[in-house]
Amino acid sequence: MGASLPQKEANLFKLIVKSYETKQYKKGLKAADSILKKFPEHGETLSMKGLTLNCMDRKSEAYELVRQGLKNDLKSHVCWHVYGLLYRSDREYREAIKCYRNALRIDPDNIEILRDLSLLQLIGDHHFILQAQMRDLTGFVETRQQLLTLKPNHRMNWIGFAVSQHLNSNPSKAIDILEAYEGTLEDDYPPENERCEHGEMLLYKISLMEECGFLERALEELYKKESKILDRLACREQEVSLLVKLGRLEEGGKLYRLLLSMNPDNYSYYEGLQKCAGLYRADGQYSSDEIVQLISLYGSLGEQFAWSSAVKRIPLDFLQGDKLREAAINYIRPLLTKGVPSLFSDLSPLYDHPGKADILEQLFLELEHSITTTKGYPGREEKEPPSTLMWTLFLLAQHYDRRGQFDVALSKIDEAIKHTPTVIDLYSVKSRILKHAGDLTAAAALADEARCMDLADRYINSECVKRMLQADQVSLAEKTAVLFTKDGDQHNNLHDMQCMWYELASGESYFRQGDLGRALKKFLAVEKHYADITEDQFDFHSYCFRKMTLRAYVEMLKFQDRLHSYPYFHKAAAGAIRCYIKLFDSPSKSATEEDDEMSKLLPSQKKKLRQKQRKAEARAKKEAEVKIEESSSTSVSKSGKKPVKPVDPDPHGEKLLQVEDPLSEATKYLKLLQRNSPNSLETHILSFEVNMGKRKTLLAFQAVKQLLRLDAESPDTHRCLLRFFHEVSSMAAPATDSEKLIWTVLEAERPEISQLHEKSLLEANESFLDKHKDSLMHRAAAAEMLYVLEPSNKGMAVTLIEDSSNNLVQRNGALGSVGEWKLKDCIAVHKLLSSVVVDLDAASRWKVRCAEYFRYSTYFEGSRSSAVPNSSYNQISSNPENGVNHPAGGISMDSLAPNGKLEAFKDLSI
């Protein structure tokens with residue numbers, strides 16, 4: 001580097017490189033300027049100066065200097081390497097790879113370039129729109145092999161070559177490489193300071209053998225090298241995995257018991273022990289003989305691990321009848337006495353087993369009765385502490401909430417609050433019950449009361465924020481959320497902390513309120529987080545090789561490969577697509593009306609208007625900067641410098657709405673969902689909507705076929721199927737060859753769809769209705785399609801919905817019956833009547849009818865909801881004997897401020 005410079009300048013060039021590596025950027029710039037005074041055309045110095053400026057956030061200057069340096073010295077591997085580093089810093093990995101390859105052509109033996117190139121090829125292509133991660137694994141293998149050839153005495157090069165073969169679906173070759181590496185080591189290897197790293201390498205090699213199916217060889221290797229593996233727990237877990245796969249179940253069972261002695265609350269060890277005993281069923285369905293054997297097994301384990309919670313909880317999953325009752329009593333009573341708030345969450349999976357909720361309800365009621373009358377548990381003489389009754393009522397309230405019996409649930413939780421009005425969990429659970437019942441405003445108020453009882457609890461604060469966002473109290477939610485951010489008033493900190501649940505909830509709230517700009521901004525912020533998570537793996541490639549955490553490294557890569565299949569990304573991408581669809585259906589004024597208004601103006605008037613708009617934007621930006629400067633004046637770092645806070649140029653997301661083709665933007669995120677969430681109905685429903693809007697007939701039909709594959713009886717599938725063929729039938733006759741080809745494909749495919757076979761669309765709709773006439777949502781779908789197919793049948797469609805009956809059903813196998821209809825479904829039907837069928841009288845009748853079923857729903861203005869000032873529930877809950885600041889019978893809805901916050905706490909300073 002700097003070889004063409006005189007000695008003095010060459011030393012200065014070395015100083016630039018050193019300053020860059022030590023982050024002394026000003027010192028590096030000073031040295032670069034000294035060289036450029038004498039040699040202004042020196043390409044490598046220009047490139048290094050540009051790289052230094054890039055680290056100082058002067059990107060435009062950086063790119064200009066680096067390109068100028070490359071132009072002056074096109075055959076310098078330094079210039080190409082620096083250009084690659086510049087692209088890498090901006091995540092332009094494909095371009096960076098090209099630069100590194102050019103550098104290698106000039107200097108093929110440069111180790112640093114090779115190392116950077118191998119990492120880039122592993123990362124793959126990744127642009128701002130966040131494509132799924134692509135890995136150039138073949139190139140990765142070649143580069144690692146070249147590194148090993150250049151430096152065969154370096155351990156990391158051997159390991160890197162082995163891992164590259166493994167990732168390239170060649171684990172047997174990876175084993176050979178690792179064994180070849182071991183052949184280069186001395187017999188007494190490793191030294192004391194490398195024992196941990198060497199043990200990790202051995203475990204990785206054994207896991208590769210297991211992956212290849214070399215089970216006997218892997219077990220033999222494990223026993224042979226056991227003394228060199230420091231991680232004893234991982235060694236035992238690897239051993240038991242091999243024993244089970246080899247069918248040596250008796251040995252595996254003994255080893256699982258040994259592992260349980262180390263950690264008796266590890267559920268996976270119990271599952272493994274059941275497998276060794278031949279007593280494991282993934283569906284949880286056991287024969288009577290198997291249950292007897294399981295009872296015996298867990299009886300012996302209970303004696304051995306009497307302090308274990310898992311050994312008492314697991315039998316509840318397979319026990320039935322009286323034995324379940326007895327085991328549940330023994331499990332629940334100590335936890336009620338101790339006061340464990342999470343007890344119901346622990347028991348909630350049992351509600352998915354038919355009949356078990358019956359037993360639990362009877363048990364809960366008997367406990368309540370006994371504690372109320374005798375102050376103790378049934379059959380026991382010793383008295384329980386007063387708090388046991390409160391926790392029993394707390395448990396019962398959650399039980400009835402799970403069943404949908406909100407009246408009983410609220411009475412139980414009110415009784416618990418009256419008993420002990422200072423327990424925060426009671427108010428949180430009451431808030432949750434009210435949310436399920438449909439009173440989102442009251443739920444937010446209760447959550448805020450719980451928050452005010454402990455201002456230092458971040459979890460309760462977050463629960464409160466979530467309830468406020470569900471009630472569309474966004475501004476209040478923001479003020480509450482930032483109480484726990486770094487500076488106490490910066491919303492950007494929530495983004496910096498990657499607080500995705502908050503951004504998703506606020507995005508959904510903005511969408512419900514019709515603020516597409518802010519909604520889209522929140523959804524895309526979550527997408528940005530996933531881009532950052534993908535980027536974050538970059539630093540771990542060399543680190544994991546150096547620290548030899550190879551198994552964790554491979555798992556991390558597998559996690560990254562399925563990163564975009566996780567629920568938060570799915571919600572964010574789906575939310576963004578819905579925003580773009582709505583924007584396409586209802587273009588903003590900036591995209592339509594303003595264009596018309598501009599076209600009517602004279603050129604001079606247009607120019608003045610544009611200048612006025614630019615000045616307004618500049619003024620808004622300046623005001624935002626001043627506001628941030630003022631807010632940051634109180635927060636000064638230890639060094640005495642004010643923190644630099646970036647200005648958001650588009651705080652309301654208005655620029656995000658100014659897209660020429662919203663559906664093309666939606667397609668970018670749709671492709672990610674199709675690739676990563678192919679088994680989600682929502683993915684293909686969105687695909688249908690987008691492609692129908694774009695007039696991509698075959699792609700829309702493909703979405704319909706996917707819906708039929710996943711759930712042919714879904715109401716949404718039925719809607720999409722009939723809408724598709726109805727709209728296709730209304731299209732003009734095919735004229736071009738491509739249109740004729742599409743028509744031919746559809747004519748060939750339609751007879752293959754069983755729902756439409758030899759039926760008209762109206763007949764198919766009627767058949768669907770006959771099959772699902774007892775389901776509200778299926779009837780609503782059939783009614784909607786009846787109206788879409790024949791608008792003159794509007795009255796019949798309305799009658800079809802209004803003739804639905806809310807049958808009583810048993811939910812979760814529990815005692816008692818509740819209405820079959822769900823609140824969210826009834827709200828969807830109301831919106832269908834008011835906005836699709838457009839029968840306001842029918843919508844009004846439906847609202848009145850649902851208000852009787854959902855008395856706590858603010859949407860339907862039920863008699864007990866906070867939407868009705870003099871509701872019966874408000875009158876009951878405002879009983880004076882319950883107090884004012886801590887309402888026991890319930891929160892007084894008269895004390896609610898317009899934003900849902902309790903007036904009792906409005907003056908509370910935080």
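Residues numbered from 1 in each chain as written. Predicted model: local features only at pLDDT ≥ 70, side-chain atom pairs only at ≥ 80, totals over all residues. Heavy atoms only, no water.

(A) Highlighting the overall build of the protein chain. What the protein chain contains, in helices and strands, is 46 helices and two strands. A burial count over the protein chain gives 48% of its 910 residues as buried. As displayed, the protein chain has an accessible area near 45200 Å², and 52% of this comes from carbon and sulfur atoms. (Helix = DSSP H or I, 4+ residues; strand = E, 2+ residues; numbered from the N terminus. Buried < 20%, exposed > 50% of the residue type's maximum accessible area, 1.4 Å probe, protein only. Areas by Shrake-Rupley, 256 points an atom, 1.4 Å probe, with all protein chains shown as cover.)

(B) Quick peek at the pattern of salt bridges. Taken as a whole, this structure holds 46 salt bridges when the rule is applied. Put simply, Glu182, Lys205, Glu221 and Lys225 are held in one network by salt bridges that share partners. (Salt bridge = Lys/Arg side-chain N within 4 Å of Asp/Glu carboxyl O.)

(C) Representation of the environment of leucine 670 within the structure. Tracing the backbone through its elements, the reader meets leucine 670 in helix H36 (residues 662–676). Along the backbone, leucine 670 and threonine 683 are 13 residues apart, and their C-alpha atoms lie at a distance of 7.4 Å. Excluding anything up to four places from it in sequence, leucine 670 contacts Ile577, Thr683, Leu686, Ser687, Val690 and Asn691. (Contact = heavy atoms within 4.5 Å.)

(D) Structural context of the nonpolar core. Counting residues in each nonpolar core, the largest one holds 113 residues, and the members touching the most others are Ile159, Tyr270, Tyr298, Leu301 and Ile332. Among the elements that make up this core, the one with the highest residue count is helix H22 (residues 387–403) (nine residues). Excluding residues that lie within four positions of it along the chain, tyrosine 270 makes contacts with Leu260, Pro264, Tyr298, Leu301, Phe305, Ser308, Ala310, Val311 and Ile314. Within the second largest apolar cluster, 48 residues are counted, among which are Leu476, Val482, Leu504 and Leu520. (Core = buried A, V, L, I, M, F, W, Y, C linked by side-chain atoms within 4.5 Å.)

(E) Broad picture of the packing of aromatic side chains. Counted by the stated rule, this structure contains 21 aromatic pairs. Judged by centre distance (5.4 Å) and plane angle (25°), the rings of phenylalanine 701 and phenylalanine 724 are stacked. Here phenylalanine 724 lies in helix H39 (residues 715–729) and phenylalanine 701 lies in helix H38 (residues 697–711), a separation of 23 residues in the sequence. For phenylalanine 701, a relative accessible area of 4% corresponds to the buried category. Measuring from centroid to centroid gives 6.4 Å for phenylalanine 854 and phenylalanine 860, while their planes differ by 25°, and the two rings are stacked. Grouping residues by exposure puts phenylalanine 854 and phenylalanine 860 together as buried. Within the aromatic cluster, the residues linked to one another by ring pairs are Tyr270, Tyr286, Tyr298 and Phe318. (Phe/Tyr/Trp six-rings, centres within 6.5 Å; stacked < 30°, edge-to-face > 60°.)

(F) Structural view of the environment of glycine 795. Topologically, glycine 795 is positioned in helix H43 (residues 794–802). For glycine 795 and aspartate 839, which are 44 residues apart along the polypeptide, the C-alpha to C-alpha distance reads 9.0 Å.

(G) Focus on the packing of helix H10 (residues 171–183) against helix H11 (residues 195–212). With their axes 9 Å apart at the nearest point, H10 and H11 run at an angle of 150° to one another. The two elements H10 and H11 cross, and the hand of that crossing is left-handed. In this structure, H10 contributes Pro171, Ser172, Ala174, Ile175, Leu178, Glu179, Tyr181 and Glu182 to the contact, and H11 contributes Met201, Leu202, Tyr204, Lys205, Leu208, Met209, Glu211 and Cys212. (Axes fitted to C-alpha atoms, helices over the stretch in contact; angles between N-to-C directions. Left-handed = near helix turned anticlockwise from the far one by under 90°.)

(H) Up close: helix H26 (residues 458–470). For H26, with 13 residues, the first-to-last C-alpha span of 18 Å sits near the 18 Å given by 1.5 Å per residue. Among all positions in H26, only Ile460, Asn461, Glu463, Cys464, Val465, Arg467, Met468 and Leu469 are buried. Tucked into the core, H26 has its buried residues touching helix H24 (424–437), helix H25 (440–453), helix H27 (474–481) and helix H29 (500–512). For H26, the N-terminal capping position is held by aspartate 457, with its side-chain oxygen 2.9 Å away from the main-chain nitrogen of tyrosine 459. A positive phi of about 60° marks aspartate 472, the residue just after H26. (Expected span 1.5 Å × (residues − 1). Polar contact = N/O pair within 3.5 Å; in protein donor to acceptor, adjacent residues only side chain to side chain.)

(I) Summary view of the side chain of asparagine 676. With respect to the helices and strands, the residue asparagine 676 is situated in helix H36. A polar contact of 2.8 Å, which involves the side chain of asparagine 676, links it to the backbone oxygen of leucine 672. Setting aside residues no more than four positions away along its own chain, asparagine 676 makes contact with Asp561, His564 and Ser565.

(J) Structural detail: a nonpolar patch on the surface. On the surface, Leu233, Leu258 and Met262 cluster together to form a nonpolar patch covering roughly 260 Å² of accessible area. You can see leucine 233 is positioned in helix H13 (residues 232–245). Using a relative accessible area of 38% as the deciding quantity, one classes leucine 233 as partly exposed. (Patch = residues over 30% accessible without salt bridge, like charges linked within 9 Å, V, L, I, M, F, W, Y side chains within 5 Å.)

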